[in-house]
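# Structural overview
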Amino acid sequence: MKYDYLIVGAGFAGAVAAERLASKGNKVLVVEKRSHIGGNAYDEYDEHGILVHRYGPHIFHTNSKDVFDYLSQFTEWRFYEHRVLAQLNGELYPIPINRTTINKLYGKNFRTDEEVRRFFNSVRKNINTVTNSEEKIVSQIGEDLFEKFFKRYTKKQWGIEANQLSPSVLGRIPVRTNTDDRYFTDKYQFMPKEGYTKMFERMLNQKNIEIMLNTDYKTIVNDVIFDKMIYTGPIDSFFDYKFGKLPYRSIRFEWEHFDEEFHLKATSHNFVGNEIEFTRKTEYKYMTGQKSGTTTLSTEYPTSKGDPYYPIPNDENYSLYQKYKIESQKLKNVEFIGRLAEYKYYNMDQVVGKVLLLW
Ligand code: FAD
Ligand code: UDP
């Protein structure tokens, strides 16, 4: 059998590429080393019948109508706005930091955006050029809030200090002067009604697409005839680590089940103190809207071992990535796309948008 495309990985990058190319008449083989499609967005029902995200909480949010319309061909949606509480010294505070957070933490009674803006101005540090994630936060809201809500969570999550991470990492979290307690403010915020895996099944269920699960592409690449490859795995692995290993962060998940309808006060609780080694707990029913008298939670323990989940954005890692990128550009019949292949801290919609632009 000859294929027009060999696609490595069945996550968002691989699946959307497969769907686009197959719909144009190309014969596509998708090779995935895990036992399932969906990449890190994979969801399934656990042994208690609760729909969970096996690789941690995935909330779909985008400002792109194109991305939303494209995915809408493969799923109906459930309106859902994500909310997170930070747990600090036994108290819960809205995160991103907003007026409610400040009033509760400092015993203030600010009523307007302007009052909170003045407060931030009184504590923020003037930094001419922001060069790292610590400075990104301190230049907006000062050292105390940085230490309380960001410093320790970040050290746990990334294994390095915030001042070793590029400004874009903590720059993901906005600072608010109003009382908006949503995690995201994107125009489209929805969950796939029957879950991500069902959406991927519909995307990949085409006569021009063949899928091989439980297969590392390296074990079959020499036995398959294809014109072009689309590679969505880690870029350093593709080149057999010839310039050294790119650091990726992984997570170990622990699962808990409770005989109660809801256990947490919001979908996720972020544990921003040092006394607890994990970063966050997530209760999936808030997201999925599933009705049940019992509930399942995941707890995330970040680790440097295990499957790569997060590229670690900073200058040093970026320089190493550039070496691999230059190598990749020499290969005219291989396209590198996605969070691992481009070493970019992409959200799902950004990966979809990128693939749609290409095909
Ligand atoms: P992946 O989903 O990682 O897919 C790559 C696939 O390639 C994997 O299935 C892998 O098994 C396979 N592969 C790798 N090497 C090989 C090989 N040698 N042979 C065969 N197959 C191989 N994004 C959001 O928009 N909202 C969120 O709320 C959100 N939360 C997240 C929470 C966590 C804990 C994590 C880790 C990520 C989160 N993301 C979120 C990001 C989201 O997971 C990614 O943007 C998206 O999954 C990237 O898709 P991808 O196809 O590039 O990579
Ligand atoms: N972060 C933090 N405290 C929080 C929430 C986030 O310090 O309560 C930092 C942390 O470094 C985290 C980053 O901001 O890794 C990005 O957060 P996000 O929620 O976007 O992470 P993800 O969902 O991608 O794991």
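Data block above holds the structure.
Let me sum up the structure you'll find in this document. This is a predicted model, so every value here is computed, not measured.

Once that is clear, we can look at the overall build of the protein chain. Helix and strand counts for the protein chain come out as 11 helices and 17 strands. Expressed along its principal axes, the backbone C-alpha trace of the protein chain runs to roughly 70 × 50 × 35 Å. Counting the 359 residues in the protein chain, one finds 55% classified as buried. Partitioning the contacts of the protein chain with sequence separation of at least 6, the portion at a separation of at least 24 is 71%. For the protein chain, the computed accessible surface area is about 16,700 Å², with 46% contributed by carbon and sulfur atoms. Looking at the protein chain, you have 51 positive and 48 negative side-chain charges, and the mean spots of the two groups are 4 Å apart.

Further remarks concern the nonpolar core. Ranked by internal contacts, the top residues of the largest apolar core, which has 105 residues, are Phe 12, Leu 71 and Phe 149. In terms of residue count, the dominant contributor to this core is helix H5 (residues 133-158) (nine residues). Leave out the neighbours within four places in its chain, and Phe 149 touches Ala 86, Leu 88, Tyr 93, Ile 95, Ile 97, Thr 101, Leu 105 and Val 272.

What follows concerns the site of ligand 1. Taken together, the neighbourhood of ligand 1 is formed by 32 residues, with Ala 13, Glu 32, His 58, Ile 59 and Met 348 sitting nearest. Contact between ligand 1 and Tyr 217: a nitrogen atom at 3.1 Å from a main-chain N or O atom of the residue. Classifying every residue of the shell around ligand 1 by side-chain character gives 16 nonpolar, 10 polar and six charged.

What follows deals with the site of ligand 2. Taken together, 17 residues surround ligand 2, and among them Thr 154, Arg 172, Tyr 183, Tyr 310 and Tyr 345 come closest. Phe 150 places a main-chain nitrogen or oxygen 3.3 Å from an oxygen atom of ligand 2. Residue Asn 270 places a side-chain N or O atom 3.0 Å away from an oxygen atom belonging to ligand 2. Computed on the free molecule, ligand 2 has an accessible area of 520 Å², of which 94% lies beneath the protein chains in the complex. Secondary-structure elements contributing two or more residues to the shell around ligand 2 are H5 and helix H6 (167-170). Per element, the largest residue contribution to the shell around ligand 2 is six residues, and it comes from H5. Considering only residue class, the shell around ligand 2 consists of 12 nonpolar, three polar and two charged.

Take the sheet that holds strand E17 (residues 334-336) next. In spatial order, the strands read E10-E2-E1-E11-E17; together these five strands make up an open sheet with parallel pairing. Only two strands of the sheet have a single neighbouring strand rather than two, namely strand E10 (209-212) and E17. Each neighbouring strand pair of the sheet contributes to a mean axis angle of 20 degrees, computed without reference to strand direction. When strand E2 (residues 28-31) meets E10, the two strands line up parallel, connected through four bridges. When the sheet's bridge partners are listed, Val 30 is paired in E10 with Ile 211.

With that settled, consider the sheet that holds strand E12 (residues 248-258). Spatially, the seven strands line up as an open sheet ordered E8-E7-E13-E14-E15-E12-E16, and their pairing is mixed. Taken across any chain shown, the strands that pair with only one partner, and hence form the sheet edges, are strand E8 (91-95) and strand E16 (310-311). As defined by bridge partners, strand E7 (residues 84-88) adjoins E8 across five bridges and the pair is classed as antiparallel. Across the sheet, the residue bridging to Val 84 is Ile 95, located in E8.

Take H5 next. Its 26 residues give H5 an end-to-end C-alpha distance of only 12 Å, which falls more than 12% under 38 Å, the value for a rise of 1.5 Å per residue. Along its length, H5 reaches its greatest deviation from straightness, about 125 degrees, at Gly 142. One side-chain oxygen of the residue at the start of H5 lies 3.0 Å from the amide nitrogen of Glu 134, identifying that residue as Asn 132. Positive backbone phi, at 75 degrees, marks Gly 159, one or two positions downstream of H5.

Scoring rules and cut-offs
Residues numbered from 1 in each chain as written. Chains lettered and ligands numbered in written order. Predicted model: local features only at pLDDT ≥ 70, side-chain atom pairs only at ≥ 80, totals over all residues. Heavy atoms only, no water. Helix = DSSP H or I, 4+ residues; strand = E, 2+ residues; numbered from the N terminus. Buried < 20%, exposed > 50% of the residue type's maximum accessible area, 1.4 Å probe, protein only. Contact = heavy atoms within 4.5 Å. Areas by Shrake-Rupley, 256 points an atom, 1.4 Å probe, with all protein chains shown as cover. Lys, Arg positive; Asp, Glu negative; His and termini not counted. Charge placed at Lys NZ, Arg CZ, Asp CG, Glu CD. Core = buried A, V, L, I, M, F, W, Y, C linked by side-chain atoms within 4.5 Å. Near = heavy atom within 4 Å. Polar contact = N/O pair within 3.5 Å; in protein donor to acceptor, adjacent residues only side chain to side chain. Nonpolar A, V, L, I, M, F, W, Y, C, P; charged D, E, K, R; others polar. Pairing = 2+ DSSP bridges. Axes fitted to C-alpha atoms, helices over the stretch in contact; angles between N-to-C directions. Expected span 1.5 Å × (residues − 1). Bend = angle between axes of the 7 residues up to and from the residue.

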